[in-house]
Amino acid sequence: MKAKILSLACAVVLLLALLAFPVGADMGPKPSVTVNFDGLSDRVCYATLLSDREHVGPYSVWDGIEENGKNDRNYPGELEYGIWKAFADYRGCDGYCFLQRAWRVDKTKSLTWGYMPPDNFRILLYFPESGEFAVSGTYERYAFHTYYTVDMRDYTAGSGTLPKAERSYSYTNETISLIARIVLTIGIELVIALLFRYRSRRQVKILLITNVITQVILNVFLNVVNYTSGSLAFILMYINAEIIVFVIEAVIYAGILPEPAEGEKPKRGKAVLYALTANAVSFALGFAIAWLIPGIF
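Residues numbered from 1 in each chain as written. Predicted model: local features only at pLDDT ≥ 70, side-chain atom pairs only at ≥ 80, totals over all residues. Heavy atoms only, no water.

1. With respect to the sheet that holds strand S8 (residues 132–140)
Then, number 1: Read from one edge of the open sheet, four strands run S5-S2-S7-S8, paired in antiparallel fashion. The outermost strands of the open sheet, each flanked by one partner alone, are strand S5 (103–104) and S8. (Pairing = 2+ DSSP bridges. Helix = DSSP H or I, 4+ residues; strand = E, 2+ residues; numbered from the N terminus.)

Rendered as structure tokens:
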């Protein structure tokens, strides 16, 4: 039994690894960078991300022609021309340039570049009332949805330099959510096993070991997909991965789960039906729980 279950684990890892290859494709959602400014004062302030490349997706640097600057397709209409021009004329960072996107942040206390942000960047703040700029060190987009936090309470006005931005992706919450998903899924599938009258110590042991292996591998895989490729890739991989897990579990259960009475044939069809039912129910409930408690999935 142990050898078969170990083979199951290897098969799940191999198939999920193969499944992961197309994850990097353009599937709809795009990467984002969010920078939170804790303790930012209420004086008027604008922020942008300076890029180490002159072109990123639809965004590019100003070509220096005044008329193009006023009418450029990258120029956000809600940004006043004077603010845009101040950023466009900024020359404080050699090798990093303004891609004609900026946001007012003194009210929101955060900047979110939600469509094709630069991979490598510096954070630049502009205080128009004083004409003061403050720039950060260099940072990178480390996840599909990247989060940084700058503690502005440590900022010295007039210094021109921002405090160090700290990565603020919530790994703790992700870990708690991961464990919760695994426990809930295993619990659901064991309850369904009781309804299928799989109640002997040996049967419960097989189901428990198998589910622990498949659910840990599956959920860790899906967490990596969500972290690196976003929510739509997560959903697509979730569907495909659940099918793979069902097929493998059905084969394992049909082979070692049935305990026929004396003179009877093993009820392998029942084992396959259980695998299908358990995975379908846990899959459906997983989406329902994700809708009710968004942070758990």
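2. Remarks on the pairing of S8
Then, number 1: Both strand S7 (residues 120–127) and S8 contribute to a ladder of seven bridges, which runs antiparallel. For Asn 120, the partnering residue across the bridge sits in S8 and is Glu 140.
Then, number 2: Connecting S7 to the antiparallel partner S8 that follows it, the hairpin turn spans four residues, and Gly 131 within it adopts a positive phi of roughly 75°.

3. Considering helix H4 (residues 171–195)
Then, number 1: Helix length check: H4, at 25 residues, gives a terminal C-alpha distance of 37 Å against a target of 36 Å (1.5 Å per residue), a fit within 8%.
Then, number 2: Taken together, the buried positions of H4 are occupied by Ser 177, Leu 178, Arg 181, Ile 182, Thr 185, Ile 186, Ile 188, Glu 189, Ile 192 and Ala 193.
Then, number 3: With its phi angle positive at about 65°, Arg 197 sits one or two positions after the end of H4. (Expected span 1.5 Å × (residues − 1). Buried < 20%, exposed > 50% of the residue type's maximum accessible area, 1.4 Å probe, protein only.)

4. What to know about the pattern of salt bridges
A side chain of one charge can pair with a side chain of the opposite charge when the charged atoms of the two come close.
Then, number 1: Going through the model one piece at a time under the given rule, you end up with seven salt bridges.
Then, number 2: A salt bridge links Lys 85 to Asp 89, with the shortest nitrogen-to-oxygen separation between them at 2.7 Å.
Then, number 3: Residue class for Asp 89 comes out partly exposed when judged on its relative accessible area of 37%.
Then, number 4: With a closest N to O distance of 3.2 Å, Asp 151 and Arg 153 form a salt bridge.
Then, number 5: Using a relative accessible area of 58% as the deciding quantity, one classes Arg 153 as exposed. (Salt bridge = Lys/Arg side-chain N within 4 Å of Asp/Glu carboxyl O.)

5. With respect to the confidence of the model for the chain
Caution applies to low-pLDDT regions: their predicted coordinates should not be interpreted in detail.
Then, number 1: Averaged over all residues, the pLDDT of the chain is 82; the fraction at 70 or higher stands at 79%.
Then, number 2: Below pLDDT 50 for its whole length, residues 72–77 participates in 15 contacts with residues either more than four positions away or in separate chains. (pLDDT = per-residue confidence, 0-100. Contact = heavy atoms within 4.5 Å.)

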